[in-house]
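For reference, the chains in residue letters:
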Amino acid sequence: MTTAITKYLVGIGRTVMNALWRIGIGTRFLSLILLNSGISFSRFHLTIRELFFSGVMSLIIILVAGMFVGMVLGLQGYETLKRYGSESALGSLVALSLVRELGPVLAALLFASRAGSAMTAEIGLMKVTEQISAMEMMAINPIARVVAPRFWAGVFAVPLLAAMFSVMGVFGGYLVGVVLIGVDEGSFWSQMQSNVDFQHDVLNGVFKSCVFGAVVTVIALFEGYDAPPTAEGVSGATTRTVVESSLAILILDFILTALML
Amino acid sequence: MPSEALVEIRDVNFAYGHRPILKGMNLTFPKNKVIAIMGGSGCGKTTLLRLIGGSIKPTSGYVKIGGQVIHELDHAGLYAMRRKMGMLFQFGALFTDMSVYDNVAFQMREHTNLPEEIIHDLVMMKLHAVGLRGTHNLMPAELSGGMARRVALARTVALDPMLIMYDEPFAGLDPISLTVVGNLIKRLNDALGATSIVVTHDVQESLKIVDYLYFVAEGVIIAEGTPDEIRASDKPFVQQFVNGEMDGPVPFHYPGGDYQQDLKLKHTELVKFNKRKVTVRHFGPDRRQKK
């Protein structure tokens, strides 16, 4: 019995130590990216290229998701506000929900699933096929040439995608609230304009998005770079990217919201 | 080997964890020669290449290239040294998101400030040298294994390195591609005045193109010599390897426990087989006892 408990405790300890160890290595990886970021800006076309693959290629899913989230917000918000006779506040409800929370969080979650997993798989497969080793043997630092441009592309892409998500969400809310249900168009937009504060709501949302972008991208790149060079290793790393990124986004969202309120 | 040594490996020991891979290795690679390192799978050949490339450090001993000890170089020094090296990986390791042209131009763009017109001419010359000028617009996925290996070879020699390393360059190639790649290794080495180290299993192809061979087994050099000396060698290991014999000093089986124990053999019995009584060993529980 005692042995079983000891084994259980040892197992927990080992898991915690491994997690701390990985966080440490991940932090070192992030510092290496930051130290080797010069090339991402001096040869900005490398970052632009990655911005296209991770950002532009994610636009469709972001726009469609944003539209439907906004439409659902319009429906649910109208139903709730109607009870208090405040249907005219639908515009500000939709906009505030999107700009403060749903835009940054959902865009980051979608980015993690769409672009983050692709980044992990790509870097992992580059390891499997010895492309990373080949680059090192050519005296080219793969962190500077391959990883850092992807990192900065992620940091730039997520706030832009979150903005697009929010814009489409507002449009979806407008379609349902104003066009379908018949909320007054003037009050929809004027309430939104008067209640959404640029600094407190919009900039805070942008800040959140930047943090989410950095975290999701560094997790994706680290998992890919650290993946065992096997099919199973890359598959496991891709799964971990989505799970860890999603949890990190939701936990960080709570922390950032608490700090910024 | 009378000419001056470009690479010297002296008393090198290396282990992965507690598993020793190289035990007191001593090798010399003279300038302008093609030298093969041969041996069975897992004997430490690729580890030797990684030591020369500075990817790993020896537990003891040193690897010297052009008079510089590799593991004592700092990051900048190691990268400066690697610019003078080229390495052909087993399956080419071409960058799959770039065309053949961009793969060959990659190092030129990264390490030089050459104008794009000159890079274009150089890329075409390198591709022409490996007979694949016509593929410059193709992507790596559109190439056969042999063609990918040749494009990778063009990329390896893009900056005219003084040392070229080949990790299993003949693996998985058809006989024609094998001869083509073998000849290219020899021709490019002569044309560039470089030194080539070829890690391979392919004895017959190697004997045609190399100037000197080292045979490695269990982390030590067990035979070495020119192709003629190797052909004439009566050492059992060399004979087994050159002739591809199953029986010899290189065991077929990886060391393991008792075979009967692994099969959980429990008892034997006599049964009729082809009208003869033969002894059959059973594993698992004795069914007769159950009955």
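For the structure given in this document, a descriptive report is provided here. Keep in mind that what you see is a predicted model, and the values were worked out from it rather than measured.

Residue and element names in this part refer to chain B. If you trace the 4 strands from one edge of the open sheet to the other, you get β2-β1-β4-β5, paired in antiparallel fashion. Every other strand in the sheet has two partners, leaving β2 (19–30) and β5 (68–69) as the edge strands with one partner each. Pairing geometry for strand β1 (residues 5–16) and β2, over 8 bridges, is antiparallel. Bridging from a neighbouring strand, Y16 pairs with R19 of β2. The sheet strands contacting helix α1 (residues 45–53) are β1, β2 and β4 (60–65), and the helix crosses β1 at an angle near 120°.

Estimated volume of the largest pocket: approximately 1,200 Å³. Along the walls of the largest pocket sit 42 residues, with A:K127, A:S133, A:E136, B:R50 and B:S55 positioned nearest its centre. Secondary-structure elements contributing two or more residues to the lining of the largest pocket are α1 (2–35), α5 (90–128), α6 (131–137), α7 (142–181) and α9 (198–226) of chain A together with β2, α1 and α2 (75–82) of chain B. Here the lining of the largest pocket is built from residues that sort into 18 nonpolar, 13 polar and 11 charged. Roughly 610 Å³ of internal volume is contained in the second largest pocket. Lining the second largest pocket are 21 residues, and of these B:S41, B:G42, B:C43, B:E218 and B:Y254 lie nearest its centre. Elements with a minimum of two residues in the lining of the second largest pocket: β2 and β9 (212–217) of chain B. Examining the composition of the lining of the second largest pocket, we find that 4 residues originate from one element, β2(B), more than from any other. Along the lines of polarity and charge, the residues of the lining of the second largest pocket split into 13 nonpolar, 5 polar and 3 charged.

Let us now look at the nonpolar core. Counting 58 residues, the largest nonpolar core has A:F29, A:I33, A:F111 and A:L221 as its most contacted members. When contributions to this core are tallied by element, the ones reaching two or more residues are α1, α4 (59–83), α5, α6, α7, α8 (185–195), α9 and α10 (231–260) of chain A. Of all the elements, α7(A) adds the most residues to this core, at 16 residues. The residues touching A:I33, leaving out its near neighbours within four places in the chain, are A:I143, A:V147, A:A148, A:F151, A:V218 and A:L221. With 48 residues, the next largest nonpolar core counts B:V100, B:L132, B:V210 and B:F215 among its residues.

On to the packing of α5(A) against α9(A). Residues and elements named next belong to chain A. Running from amino to carboxyl end, α5 crosses α9 at an angle of 15°, the nearest separation of the two axes being 8 Å. Compared by their axis directions, α5 and α9 come out roughly parallel. Read as a crossing pair, α5 and α9 show a hand that is right-handed. Class assignment for the residues of the contact of α5 with α9 results in 15 nonpolar, 8 polar and 7 charged.

Here we come to the interface of chain A and chain B. Between chain A and chain B, the contact holds 16 residues from the first and 21 residues from the second. In this assembly, chain A packs against chain B so that about 1,700 Å² is buried in total across both faces, 60% of it on carbon and sulfur atoms. Connecting chain A to chain B are 3 salt bridges. B:E110 serves as the salt-bridge partner of A:R145, at 2.6 Å between the closest nitrogen and oxygen. At the surface where chain A touches chain B, the tally comes to 6 residue pairs in polar contact (both at pLDDT 80 or more). Listed by contribution, the elements that provide at least two residues to the side of chain A that touches chain B are α6 and α7 of chain A.

Cut-offs applied
Note on numbering: residues in each chain are counted from 1, in written sequence order. Working convention: letters from A go to chains and numbers from 1 go to ligands, in the order in which they are written. Given that this is a predicted model, residues contribute local features only at a pLDDT of at least 70 and side-chain atom pairs are listed and counted only at 80 or more, while totals for whole chains, interfaces and linings are drawn from all residues. Side-chain calculation: all heavy atoms of the structure are included, whereas hydrogens and water are not. Note on pairing: two strands pair once DSSP finds at least 2 bridges between them. We count a stretch as a helix when DSSP gives it H or I for four or more residues in a row; a strand needs E for two or more, and each element gets its number in order from the N terminus. Contacts are assigned to residue pairs that have any heavy atoms within 4.5 Å of one another. Lines are fitted to the C-alpha atoms to define the axes, a helix being fitted only along its stretch in contact, and any angle between axes, read from their N-to-C directions, falls within 0 to 180 degrees. Of the two site types, the cavity is a set of points on a 1 Å grid over the protein atoms alone where a 1.4 Å probe fits but cannot get out, and the pocket is an open set with protein on both sides within 12 Å along at least five of seven lines, each lined by residues with an atom within 4 Å of a point. Grid points are joined across faces, edges and corners, and a volume is the space filled by probe spheres set on the points. Throughout, the ten residues Ala, Val, Leu, Ile, Met, Phe, Trp, Tyr, Cys and Pro are labelled nonpolar, Asp, Glu, Lys and Arg are labelled charged, and all others, Gly among them, are labelled polar. In these notes, a set of buried Ala, Val, Leu, Ile, Met, Phe, Trp, Tyr and Cys residues joined through side-chain atoms within 4.5 Å is what counts as a nonpolar core. Throughout this description, buried means an accessible area under 20% of the type-specific maximum (1.4 Å probe, protein chains only), exposed means over 50%, and partly exposed covers the range between. Roughly parallel means an angle under 35 degrees; roughly antiparallel means over 145; roughly perpendicular covers 65 to 115; every other angle is labelled oblique. Two helices that cross are described as forming a left-handed crossing if the nearer one is turned anticlockwise from the farther one by less than a right angle, and a right-handed crossing if clockwise. When two parts are put together, the accessible area they lose, computed with a 1.4 Å probe and summed over both, is reported as buried area. Should a side-chain nitrogen of Lys or Arg be within 4 Å of a carboxyl oxygen of Asp or Glu, the pair is scored as a salt bridge. Side-chain atoms alone can form a polar contact between residues adjacent in sequence; in general such a contact is a pair of N or O atoms within 3.5 Å, and within protein one must be able to donate a hydrogen while the other accepts it.

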